[in-house]
Amino acid sequence: MAVMAGVLDETRRRTLEALCDTIVPSVPYDGDDETVRAYMARSAGDMGVAAQIEGLMAQAMLPEDIEGFGQLLDGLSATDFASLPLETRNQILKQVSSSAPEAKLGIKVFKNLTLLFFYALPDEQGRNPNWDAIGYPGPISAAPSADEAPKTIKVEELGTAEATLTADVCVVGSGAGGGVMAAELAKGGKSVVVLEQGGYRNEQDFNQLELPGSLELYLGGGLLASEDGSISVLAGATLGGGTIVNYMNCIRTPEHIRKEWAEHGVEGIDQLEYEQHIDAVWERLRVNVEATSQNRSHRKMIEGMEACGFPWKPITRNADPTCDDPRVFGYCYTGCQKGCKQSTMKTYLQDASDAGARFVVGARADRITAADGRATGVEATVTNADGSTTKLTVQSPTVVVSGGAVESPALLLRSGIGGPAAGKHLRLHPAAIVEGVYDEPIEGWIGQAQSAVSYQFANTEEQWGFLIESAPTAPALIAANWPFEDGAQHKREFGAGLKYAAPFITVARDHGEGEVAIDAHGRAVVRWSLSDEVDRRIFIRANQELAKLHKAAGATEIFTLHSARVSWRKGEDFDAFLEQIENASYDANDVAIFSAHQLCSCRMGSDPSSSVANGRGELHDAKGVWIGDASAFPTAPGVNPMISIMSLAHRTAGEILKEA
């Protein structure tokens, strides 16, 4: 967890403490349940939340970032914020939040962090004191021991101030694309070094805990968002990348998307030969439907779809069917403790290791080196297990960029290669979430994270639309997006409602685009907003259709993830609710939008002015540099992309081997 560090002065610290206690205050309770009484009385201050936030700031922020948040605290302290009664503090927060976009974003960040630590911070026994009151069981099984789940991928130990490795190929990133590339190239006779920015964690490290799972397995600790806060970006950052934390929804690349990619210059991808790449991945991941089952959230979604006449089908999943234990499936977003998720760590990275590939974890690729227009290797900074750093040089004539569609373009931009399209044309598959609250318990942390899908609205606006799916219930993430009018209202409603809530989600094929840039420190900056009119219409329609499904399934309350309450309760005018959804604000930080799929920011194509790599995957302007992840997609596929990423990487690895 975060470590206390003195990055705030006493005035700012006192203001932060008061801010946290405004978001999660002690609330009067006149009932008889002593567990609920203790929960209602417990404030953020009682759990030391402000100290946790300050510790996270010290660990994760640069001084200028800390100063920016400090100035927001200064603005609050100018009102003598810490000395004011709760109701007055509530009013000041609303006023400050509405004063400027930057202030709204800052207050949102503090609110979300406060709720994250209040509802997810475990004690020494791995328990959070609020879980019993809100009906959440927390971890239900201990992680296996190191003997029961040994780490079988050999990781290089550097330890020196400087180090040099030599290989035929350096693969940057180990997720869906990088894992396949490393395995196929190593099996093809190439010496391979894999650089992974995250750590090596497997079943023995997966404790079914939301907070450490987010901080240890996700890019930016699970807190990454676009520059203006318009969209939250969920991306894996661990050995195995997003395949460690995703929901195992395996969908073959749609034929119309393959045709579209062929028109962009990816030759042959629309031909029968490409099916062999998909089939190879499908078989290695053991994709099947036999292990698919629906939990209560999905059963409610299916009930709504059948009442509305929408077709649906169970998803195919990369799961070992012999590990069928629905109790633990809902925790898989923090890593599969049973080991039945066939991630790249369990499959392709193991294959690569067995074939002789070497792995370096904690390795941030700083830049790709080149001479005379050809790759010569990668320079990286490695953070070792003891906290020391090593300046690593990997000498390799071939470099595969597989860091994901956020970090891959940032690496190219830091390296001065990739051409004018590097970082452009970013797609994010923006996801809408609508919660329904039911009379009977849903307990969305039980059962498979994702198990059904409907294509009813996949083409609601010509080639653009959305899929309907569901997702697991992560208490702190849900808390951050539960309707918030003030801390007391939020605490009462969230505490009473979480156990009965079901999240329905959509995955949209975006029509517009964003970009990835780098800041003065070379860090990736995501720029995206819901400004494209087609995307905005689709997003509004998605919220409305999810609301209709909840109503058809019998929800007694339905709400969107708008910051200003947009909700309906049984007996109220539902048509008026649909109008409220349509007329609500969709500006930055006025509604929560999520991206679990980042795509197209180093895309392949025949035109160097609008694409980074050619139709084989090699950069137009740097021989020996290849793109091997979702950033290579010419356009957004509109479906969960893991199989498409891996199949395209399988194809690209073959192209590299042909070079020999």
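Residues numbered from 1 in each chain as written. Predicted model: local features only at pLDDT ≥ 70, side-chain atom pairs only at ≥ 80, totals over all residues. Heavy atoms only, no water.

Q: Is there a simple way to think about the packing of aromatic side chains in this case?
A: To describe a pair of aromatic rings, one takes the distance between the centres and the angle between the planes. Enumeration according to the criterion identifies 14 aromatic pairs in this entry. With 4.8 Å between their ring centres and 65° between their planes, Tyr119 and Phe494 make a pair best called edge-to-face. Of this pair, Tyr119 sits in helix H6 (residues 101–120) while Phe494 sits in helix H17 (residues 487–497), placing them 375 residues apart in sequence. Comparing Tyr119 with Phe494, the two get one shared label, buried. Between Trp482 and Phe494, the ring centres sit 5.5 Å apart and the planes meet at 80°, which makes this aromatic pair edge-to-face. Here the residue Trp482 occupies a position in the loop between helix H16 (475–481) and H17, and Phe494 occupies one in helix H17, the gap between them amounting to 12 residues. (Phe/Tyr/Trp six-rings, centres within 6.5 Å; stacked < 30°, edge-to-face > 60°. Helix = DSSP H or I, 4+ residues; strand = E, 2+ residues; numbered from the N terminus. Buried < 20%, exposed > 50% of the residue type's maximum accessible area, 1.4 Å probe, protein only.)

Q: Even after reading the chapter, I still don't get helix H15 (residues 404–415), so can you show me in this structure?
A: The periodicity of an α-helix, 3.6 residues per turn, causes residues three or four positions apart to be oriented the same way. Along its 12 residues, H15 runs 16 Å from first to last C-alpha, staying within 8% of the 16 Å computed at 1.5 Å per residue. Where burial is concerned, most of H15 is hidden: 10 out of the 12 residues are buried. Among the residues of H15, Ala405, Val406, Glu407, Ser408, Pro409, Ala410, Leu411, Leu412, Arg414 and Ser415 are the ones counted as buried. Two residues or fewer past H15, Gly416 is found with a positive phi of approximately 70°. (Expected span 1.5 Å × (residues − 1).)

Q: Just checking my understanding: could you explain empty space enclosed by the protein for this structure?
A: Over the atoms a probe the size of a water molecule is rolled, and this reveals where empty space is left. Enumeration over the complete set of coordinates arrives at one cavity of 30 Å³ or more. Reported here for the largest cavity is a volume of approximately 50 Å³. What lines the largest cavity is simply Glu203, Phe206, Ile244, Cys336, Lys341, Ser343, Met345 and Lys346. Classifying every residue of the lining of the largest cavity by side-chain character gives four nonpolar, one polar and three charged. (1 Å grid on protein atoms, 1.4 Å probe; cavity = no way out; pocket = protein on both sides within 12 Å on 5 of 7 lines; lining within 4 Å. Points joined across faces, edges and corners; volume = space filled by probe spheres on them. Nonpolar A, V, L, I, M, F, W, Y, C, P; charged D, E, K, R; others polar.)

Q: Looking at this structure, how should I read the sheet that holds strand E8 (residues 374–383)?
A: By definition, the strands of a sheet pair up through backbone hydrogen bonds, in either a parallel or an antiparallel sense. Read from one edge to the other, the open sheet built from four strands follows the order E1-E9-E8-E7, with strand pairing classed as mixed. Either end of the sheet is taken by a strand with one partner, and the two such strands are strand E1 (162–166) and strand E7 (363–371). Within the sheet, the average angular offset between the axes of one strand and its neighbour, ignoring direction, is 20°. With seven bridges joining them, E8 and strand E9 (residues 389–395) adopt antiparallel strand pairing. From the neighbouring strand, Gly377 faces E9, where its bridge partner is Gln395. (Pairing = 2+ DSSP bridges. Axes fitted to C-alpha atoms, helices over the stretch in contact; angles between N-to-C directions.)

Q: It is not clear to me how the layout of surface pockets should be interpreted in this structure. Could you clarify?
A: Considering only enclosed or pocket space, the second largest pocket measures out at about 180 Å³ in volume. Elements supplying a minimum of two residues to the lining of the second largest pocket: strand E12 (452–461), strand E13 (464–470) and strand E14 (501–508). Along the lines of polarity and charge, the residues of the lining of the second largest pocket split into 10 nonpolar, five polar and one charged.

Q: Which parts of the structure should I look at to understand a negative patch on the surface?
A: Taken together, the side chains of Glu572, Asp573, Asp575, Glu579 and Glu582 define an acidic patch exposed on the protein surface. Mapped onto the secondary structure, Asp575 falls in helix H19 (residues 574–583). Overall, Asp575 belongs to the exposed group, its relative accessible area being 53%. (Patch = residues over 30% accessible without salt bridge, like charges linked within 9 Å, V, L, I, M, F, W, Y side chains within 5 Å. Areas by Shrake-Rupley, 256 points an atom, 1.4 Å probe, with all protein chains shown as cover. Salt bridge = Lys/Arg side-chain N within 4 Å of Asp/Glu carboxyl O. Lys, Arg positive; Asp, Glu negative; His and termini not counted. Charge placed at Lys NZ, Arg CZ, Asp CG, Glu CD.)

Q: I tried to follow the pairing of E1 on my own but got confused; where do I start?
A: The side chains of a regular strand alternate between both faces of the sheet. Alternating residues of E1 divide into Ala163 and Leu165, all buried, and Glu162, Thr164 and Thr166, none buried. In terms of strand pairing, E1 meets E9 through five bridges, oriented parallel. Opposite Thr166, over in E9, you have Gln395 as the bridge partner.

Q: Which parts of the structure should I look at to understand the pattern of salt bridges?
A: One pass over the full model with this rule turns up 43 salt bridges. Salt-bridge contacts for Glu34 lead to Arg37; the nearest nitrogen and oxygen are separated by 3.4 Å. Highlighted residues: Glu34 and Arg37, both in helix H2 (residues 34–41), separated by three residues, approximately one helical turn. In this structure, the salt-bridge partner of Asp279 is Arg252, at a minimum N-O distance of 2.7 Å. Of this pair, Asp279 sits in helix H11 (residues 273–284) while Arg252 sits in the loop between strand E4 (232–233) and helix H10 (255–264), placing them 27 residues apart in sequence.

Q: For this particular structure, what's the right way to read the sheet that holds strand E2 (residues 169–172)?
A: Read from one edge to the other, the open sheet built from five strands follows the order E6-E3-E2-E10-E20, with strand pairing classed as parallel. Two strands lie at the open edges of the sheet, namely strand E6 (358–361) and strand E20 (625–627), each paired on one side alone. Across the sheet, the mean angle separating the axes of adjacent strands is 20° when strand polarity is ignored. Two strands pair when backbone bridges link them, and E2 and strand E3 (residues 192–196) are joined in this way by four bridges, in the parallel orientation. Counted as the bridge partner of Val172 is Leu195 from E3. Across the sheet, helix H8 (residues 176–187) touches E2, E3 and strand E10 (398–401), and the angle it forms with E3 is around 165°. (Contact = heavy atoms within 4.5 Å.)

Q: Help me understand the side chain of His277, please; the structure alone is not making it clear to me.
A: Inspection of the secondary structure assignment puts His277 in helix H11. Classification of His277 by relative accessible area gives buried; the value is 16%. Separated by 2.9 Å, the side chains of His277 and His650 make a polar contact. Residues contacting His277, with those up to four places away along its chain left out, are Ser647, His650 and Arg651. (Polar contact = N/O pair within 3.5 Å; in protein donor to acceptor, adjacent residues only side chain to side chain.)

Q: Can you help me understand the packing of H2 against H17 in this one?
A: Each pair of packed helices can be described by the angle between their axes along with the distance between the axes. Packing of H2 against H17 brings their axes to within 11 Å, and their N-to-C directions diverge by 145°. Where H2 crosses over H17, the handedness of that crossing is right-handed. Contacts between H2 and H17 involve Tyr39, Met40 and Ala41 from the first element and Lys491, Arg492, Phe494 and Gly495 from the second. Looking at the contact of H2 with H17 residue by residue, the classes come out as four nonpolar, one polar and two charged. (Left-handed = near helix turned anticlockwise from the far one by under 90°.)

Q: Can you help me understand unusual backbone geometry in this one?
A: It is generally the case that most residues other than glycine have a negative phi and that most peptide bonds are trans. Its identity as a non-glycine residue notwithstanding, Gln208 has a phi of 60°, on the positive side. Tracing the backbone through its elements, the reader meets Gln208 in the loop between E3 and helix H9 (210–217). With phi around 65°, His425 is a residue other than glycine that occupies positive phi space. As for its placement among the helices and strands, His425 is situated in the loop between H15 and strand E11 (431–437). Residue classification places His425 among the buried positions, given a relative accessible area of 14%.

Q: Please explain H11 as it appears in this structure.
A: For H11, built from 12 residues, the straight-helix expectation of 16 Å at 1.5 Å per residue is met to within 8% by its first-to-last C-alpha distance of 18 Å. Listing the buried residues of H11 in full gives Tyr274, His277, Ile278 and Val281. One side of H11 carries all its buried residues, which in axial view fall inside an arc of 95°. In this structure, H11 carries Glu273, Gln276 and Glu283 as exposed residues pointing more than 90 degrees from its buried face. Remark: Arg286 follows H11 within two positions and exhibits a positive phi of approximately 60°. (Arc of directions from axis to C-beta.)

Q: Help me understand the pairing of E11 in this model?
A: Where burial is concerned, most of E11 is hidden: seven out of the seven residues are buried. The alternating pattern of E11 places Ala431, Ile433, Glu435 and Val437 on one face and Ala432, Val434 and Gly436 on the opposite face, and all of these are buried. As judged from the seven bridges shared by E11 and E14, these two strands associate in the antiparallel manner. In the sheet register, Ala431 faces E14, and the bridge partner there is Val507. In this sheet, strand E17 (residues 557–559) lies alongside E11 in antiparallel orientation, the contact comprising three bridges.

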